[in-house]
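# Chain and residue survey
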Amino acid sequence: MQLINKWAYVGTPLLVLGGALALSLAIYAMVPTDEVKYGGGSQAPFWYFLVLGIQSMTLVFPFSQGLSISRRAFYLGTLGLFSLMAAFMTGIYLLGGVLEEATNGWGLQGYFFQLPWISDGAWYATGAFLFVAMMFMFIIGFWFATVFKRWGTNGLLIVGFGSAAVLIGAAALSTVLQWWGTIGAWFAQQTPLSISGWAALVCAVLAAGSYATLRRATP
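Residues numbered from 1 in each chain as written. Predicted model: local features only at pLDDT ≥ 70, side-chain atom pairs only at ≥ 80, totals over all residues. Heavy atoms only, no water.

Time to look at the overall build of the chain. Counting its secondary structure elements, the chain contains eight helices and two strands. Moving toward the C terminus, one meets the helices and strands of the chain in the order α-β-α-α-α-α-β-α-α-α. Along the longest, intermediate and shortest principal axes, the C-alpha atoms of the chain span 60 × 50 × 30 Å. Scored against the burial criterion, the 219 residues of the chain give a buried share of 37%. The contacts in the chain between residues at least 6 apart in sequence include a share of 78% that link residues at least 24 apart. Counting only carbon and sulfur atoms, one obtains 72% of the accessible surface of the chain, whose full area is about 12,100 Å². Averaging the positions of the 8 positive and the 5 negative side-chain charges in the chain gives two centres separated by 41 Å. (Helix = DSSP H or I, 4+ residues; strand = E, 2+ residues; numbered from the N terminus. Buried < 20%, exposed > 50% of the residue type's maximum accessible area, 1.4 Å probe, protein only. Contact = heavy atoms within 4.5 Å. Areas by Shrake-Rupley, 256 points an atom, 1.4 Å probe, with all protein chains shown as cover. Lys, Arg positive; Asp, Glu negative; His and termini not counted. Charge placed at Lys NZ, Arg CZ, Asp CG, Glu CD.)

A grouping of Trp186, Phe187, Trp198, Leu201 and Val205 is seen on the molecular surface, where their side chains present a nonpolar patch of about 550 Å² in accessible area. The set of elements that each furnish at least two residues to the nonpolar patch consists of α7 (180–189) and α8 (192–214). The element that contributes the greatest number of residues to the nonpolar patch is α8, accounting for three residues. By relative accessible area, which is 56% here, valine 205 ends up exposed. (Patch = residues over 30% accessible without salt bridge, like charges linked within 9 Å, V, L, I, M, F, W, Y side chains within 5 Å. Salt bridge = Lys/Arg side-chain N within 4 Å of Asp/Glu carboxyl O.)

This next bit is on the packing of aromatic side chains. Tallied over the full model, the rule gives 18 aromatic pairs. For the pair tyrosine 38 and tyrosine 111, a centre-to-centre distance of 5.8 Å together with 35° between the ring planes defines the contact as tilted. Of this pair, tyrosine 38 sits in strand β1 (residues 37–38) while tyrosine 111 sits in strand β2 (residues 110–111), and the two are 73 residues apart along the sequence. Between tyrosine 48 and phenylalanine 49, the ring centres sit 6.4 Å apart and the planes meet at 55°, which makes this aromatic pair tilted. With respect to class, tyrosine 48 is no different from phenylalanine 49; both count as buried. (Phe/Tyr/Trp six-rings, centres within 6.5 Å; stacked < 30°, edge-to-face > 60°.)

Moving on to the nonpolar core. In terms of nonpolar packing, the biggest core is built from 39 residues, with Met57, Phe82, Tyr93, Met134 and Ile139 touching the most fellow members. Secondary-structure elements contributing two or more residues to this core are α1 (6–30), α2 (44–58), α4 (71–102), α6 (123–176) and α8. No other element matches the eleven residues that α6 contributes to this core. Those residues within four positions of isoleucine 139 in sequence are excluded, and the remaining contacts are Leu79, Cys203, Leu206 and Ala207. (Core = buried A, V, L, I, M, F, W, Y, C linked by side-chain atoms within 4.5 Å.)

Before going further, it helps to examine the environment of valine 147. Within the secondary structure, valine 147 sits in helix α6. For valine 147, a relative accessible area of 1% corresponds to the buried category. With 30 residues separating them in the primary sequence, valine 147 and tryptophan 117 have C-alpha atoms 35 Å apart. Setting aside anything within four residues of it in sequence, one finds valine 147 in contact with Gly152, Gly155, Leu156, Val159 and Thr213.

Moving on, we come to the packing of α1 against α4. α4 packs onto α1 with a crossing angle of 30° between their chain directions and a minimal axis gap of 11 Å. The interaxial crossing formed by α1 with α4 has right-handed handedness. Across the interface between the two elements, Tyr9, Val10, Pro13, Leu14 and Leu17 of α1 pack against Thr78, Leu81, Phe82, Met85, Phe88, Met89, Ile92 and Tyr93 of α4. Each residue belonging to the contact of α1 with α4 can be placed in one class, and the counts come to twelve nonpolar, one polar and no charged. (Axes fitted to C-alpha atoms, helices over the stretch in contact; angles between N-to-C directions. Left-handed = near helix turned anticlockwise from the far one by under 90°. Nonpolar A, V, L, I, M, F, W, Y, C, P; charged D, E, K, R; others polar.)

Right, let's get into unusual backbone geometry. Across residues other than glycine, the phi torsion is negative in most instances, and most of the peptide bonds are trans. Phi angles above zero are rare outside glycine, and glutamine 109 is one such case at about 60°. One can find glutamine 109 in helix α5 (residues 105–109).

Written as structure tokens, this is what we have:
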């Protein structure tokens, strides 16, 4: 059912990735230096995945309920589909990194896929980081969409401002207790694989919360 609009799941992510790569290469070519150049254009599809998470809930969920499809089937099917999409896109990123290495940064010393820290370790660590990051963005969008479907605009605003208040409160507490040095040291010790593990744990919590919310959401 989600794949009725195949372009949203297959065509658009590839178009966003290809457009970001083309623009990045054009910028690399205009930079008058022989030094290695890095850009942040490869993150563009990740933001689309956030939007896709929202759309997969708000646009398709009402249609699924009209067909008497259970909320559980809708939820598992949607997450399963996006897991496959995230794995597919991760493979493209890894292949792009291999091509960049083979061509010395596309002949421009410019790197789009092979970024420092993320690509410094083994290929599977890089792949795990990319896969979890894509799932993280999608699940955040999906969760906020379920909140909207369950409690409407007011509920979404309350959750949004509440989340912001918690983050600000945590930052304020860290400042008062002088924890920033410890926090910075902890992050400095992390690897792409360990960050992937922590992010996967957050994804699991958000996924469980979105399913609990979805069970009482109305089309």
